[in-house]
Each structure stands twice: as C-alpha cells, then as structure tokens.
Amino acid sequence: MLYQRSISARKEKNLGCQLDYVFLDCTFGKFTQKLPSKHSAIQQVLNCIWKHPAATVVYLTCDLLGQEDILAAFPEILTQDPSSRFHLFDGFPRLYERAAAKIAEAQANLQPQPLIIRPSAQWYACEEGYSETESQRKLRFNEAVRDPNGVWHVCYSMHSSRGELEWALQLLAPKWVVSSTPSCLAVELDYVKKHCSGHKTNFRQPFVEAFGHQC
C-alpha cells in the first residue's frame with residue numbers, strides 16, 4: 001500500500017498535478033526523538049503490569065480515541081465486574097489530582113499502592129515543568145517510567161512522529177502545509193522550511209480562519 005502511494009505521488013508530480021494544500025496534525029513537529037512503535041509501547045504496558053504483581057488494582061488511562069489497541073491486548077480483562085483488578089482511568093483533566101487520591105485511599109486502607117499507567121507521548125514530548133533530571137529520565141522509551149506523582153508513563157503515540165510527517169511531505173510534495181494543531185508546528189518541519197517559507201504572506205484568509213495557522 002505504501003509503495004503504491006509512493007508511485008502514485010511520483011506519477012502525479014511528473015504530470016504536474018502538485019497538491020496545493022496538505023493539512024497535517026503536527027503535534028510532534030518539534031519533537032526529534034524517534035517514538036516507539038505501537039507494538040513496542042503495548043508490550044511496555046504489559047511488562048509494567050508483570051513487574052508489579054503486588055498491585056491489587058491497575059488503572060489504565062486509556063479513555064481516548066486511538067488507545068483502543070491497548071485494551072484489545074487485554075481481551076480477558078474487559079469486564080463490567082467492579083471487583084476486577086483492572087479499571088479504566090480518565091487521563092484528563094486533573095489526572096495527577098485523581099491519582100493522588102487513589103494512592104492516598106489505598107494507604108488509608110492499608111492496601112498496596114495501585115498501579116496507574118498512562119500510555120501517552122504527551123508527557124515525553126509536550127509537557128513542561130520538569131527538572132533536568134526528570135527531563136533526562138523522560139528520554140527512556142524502552143520501558144515504563146514512574147513520575148514523582150506515582151503515575152507510570154509509557155510512550156504510546158496516537159500522532160505521527162516528526163520523521164513520519166517529513167516522509168509524507170516528501171511523497172506528497174505540496175505547495176503549502178497547514179498545521180491543524182493549536183500552534184503552527186508545521187514551520188518546524190524541514191520540508192516546510194525548504195519549500196514553503198516564501199508563501200507566508202500570500203496565504204488565503206478563509207483557510208486561516210478555518211484552521212487558525214499556516215506554514
């Protein structure tokens with residue numbers, strides 16, 4: 001499929017049918033680290049659970065669209081039984097506040113600390129306010145990482161990596177690139193810097209109003 005798309009893109013380019021606009025989710029447009037595959041991230045979630053057999057309750061923050069693949073890896077634990085060891089946990093808002101409440105509740109009842117796992121790349125790539133030591137720790141992508149709030153993080157991305165965005169743009173070769181994310185992260189991409197820098201002042205207003213930003 002990818003090979004066919006590559007051939008099609010090249011044919012269109014040869015025919016002079018260059019795309020005018022490509023709209024991209026550039027959430028990780030500034031993040032240069034290589035993100036783990038979904039398979040690897042799911043395995044890290046499994047490993048984290050296996051390494052904490054004493055945790056009688058496991059909270060999985062898999063409440064967002066795109067995280068269903070993680071739940072599909074646990075077909076035997078999807079149940080309506082409230083006594084189950086595994087529970088879904090809302091990621092936002094106030095994740096750390098609710099995580100602290102669950103940990104405090106377990107301590108008050110003299111129970112083992114619950115295992116709270118957050119499969120997301122946001123903590124690794126977007127969230128700020130960490131010390132240098134914690135920032136260095138975030139660069140570990142091969143295993144779950146526990147933060148000071150007691151939440152275990154696994155780098156599970158639901159967005160394209162910077163490398164994937166660059167690869168797509170090389171195939172599509174558009175004249176314009178528009179970021180659909182709140183900030184114009186498209187300008188961080190090498191393709192945009194090389195091919196789109198001269199189009200800033202000519203961008204059409206209707207697109208700016210609809211999508212907020214331009215390359």
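Reading the values: the criteria
- Residues numbered from 1 in each chain as written.
- Predicted model: local features only at pLDDT ≥ 70, side-chain atom pairs only at ≥ 80, totals over all residues.
- Heavy atoms only, no water.
- Helix = DSSP H or I, 4+ residues; strand = E, 2+ residues; numbered from the N terminus.
- Buried < 20%, exposed > 50% of the residue type's maximum accessible area, 1.4 Å probe, protein only.
- Contact = heavy atoms within 4.5 Å.
- Expected span 1.5 Å × (residues − 1).
- Arc of directions from axis to C-beta.
- Pairing = 2+ DSSP bridges.
- Axes fitted to C-alpha atoms, helices over the stretch in contact; angles between N-to-C directions.
- Phe/Tyr/Trp six-rings, centres within 6.5 Å; stacked < 30°, edge-to-face > 60°.
- Lys NZ or Arg CZ within 6 Å of the ring centre and 35° of its normal.
- Polar contact = N/O pair within 3.5 Å; in protein donor to acceptor, adjacent residues only side chain to side chain.
- Salt bridge = Lys/Arg side-chain N within 4 Å of Asp/Glu carboxyl O.

**Student:** Got a minute to help me understand the side chain of Ser120 in this structure?
**Tutor:** Along the chain, the position of Ser120 falls in the loop between strand S4 (115-119) and helix H5 (122-125). Accessibility expressed as a relative area gives 8% for Ser120, which makes it buried. With residues near it in sequence (within four places) discarded, Ser120 still touches Val154, Cys155 and Tyr156.

**Student:** Whenever I open this one, helix H4 (residues 95-108) confuses me. Can you help?
**Tutor:** Each full turn of the α-helix corresponds to 3.6 residues, which orients residues three or four apart in the same direction. Here H4 is 14 residues long and its end C-alpha atoms lie 20 Å apart, about the 20 Å a rise of 1.5 Å per residue gives. Every buried residue belonging to H4 is among Leu95, Ala99, Ile103 and Ala106, and all of these are buried. Burial along H4 is one-sided: seen end-on, the buried residues are contained in an arc of 60°. Exposed residues on H4 whose side chains face more than 90 degrees from its buried face are Glu97 and Ala108. On its buried face, H4 is in contact with S4 and strand S6 (151-154). Once H4 ends, the next one or two residues include Leu110, with phi positive near 55°.

**Student:** When you look at the sheet that holds strand S5 (residues 145-146) in this model, what are you seeing that I'm missing?
**Tutor:** Paired through backbone hydrogen bonds, the strands of a sheet run either parallel or antiparallel to each other. Here five strands make up an open sheet; going across it, the order is S3-S2-S4-S6-S5 and the pairing mixed. Edge positions in the open sheet fall to strand S3 (86-88) and S5, since each of these has one partner strand only. Where S5 lies against S6, two bridges are found, and the strand directions are antiparallel. Residue Arg146 lies in a different strand from S6, and its bridge partner there is Trp152. Across the sheet, helix H2 (residues 38-50) lies against strand S2 (58-60), S3, S4 and S6, angled at about 175° from S4, the strand it touches most. Along the sheet, H4 makes contact with S2, S4 and S6, crossing S4 at roughly 160°.

**Student:** How do you make sense of the packing of aromatic side chains when you look at a structure like this?
**Tutor:** Note on aromatic pairs: each is described by the distance of the centres and the angle between the planes. Applying the stated criterion across every chain yields a total of eight aromatic pairs. Judged by centre distance (5.1 Å) and plane angle (90°), the rings of Trp123 and Tyr124 are edge-to-face. Across the pair, exposure class does not vary: Trp123 and Tyr124 are buried alike. Put simply, the rings of Phe28, Phe31, Trp123, Tyr124 and Phe141 pair up and form one aromatic cluster. For Arg98, the ring lying beneath its charged end belongs to Phe89, and the centroid distance is 4.9 Å.

**Student:** Explanation requested: the side chain of Gln44 in the structure shown.
**Tutor:** For Gln44, the position within the fold is in helix H2. Of note is the side chain of Gln44, whose polar atom sits 2.6 Å from the backbone oxygen of Phe141. With residues up to four places along the chain from it excluded, the contact list for Gln44 reads Pro36, Phe141, Asn142, Glu143, Ala144 and Val154.

**Student:** Please explain the pairing of strand S7 (residues 176-179) as it appears in this structure.
**Tutor:** Sheet faces and side chains relate simply in a regular strand, where the side chains alternate between the two faces. Neither face of S7 is left uncovered, since the one carrying Trp176 and Val178 and the one carrying Val177 and Ser179 both have all their residues buried. Bridge count for strand S1 (residues 21-24) against S7 is four bridges, and the pairing is parallel. Each bridged residue has a counterpart across the sheet, and for Phe23 the counterpart in S7 is Val178.

**Student:** Explanation requested: the pattern of salt bridges in the structure shown.
**Tutor:** Enumeration according to the criterion identifies five salt bridges in this entry. We note a salt bridge from Glu97 to Arg94, for which the minimum N-O separation is 3.9 Å. Close ionic contact of Arg162 with Asp190 constitutes a salt bridge, the shortest N to O distance being 3.3 Å. Taken together, the residues Arg162 in helix H7 (residues 162-172) and Asp190 in helix H8 (residues 190-195) connect sequence positions 28 residues apart. On the basis of relative accessible area, Asp190 is assigned to the partly exposed category, the value being 47%. Each of Arg162, Glu166 and Asp190 takes part in a single network of salt bridges with overlapping partners.

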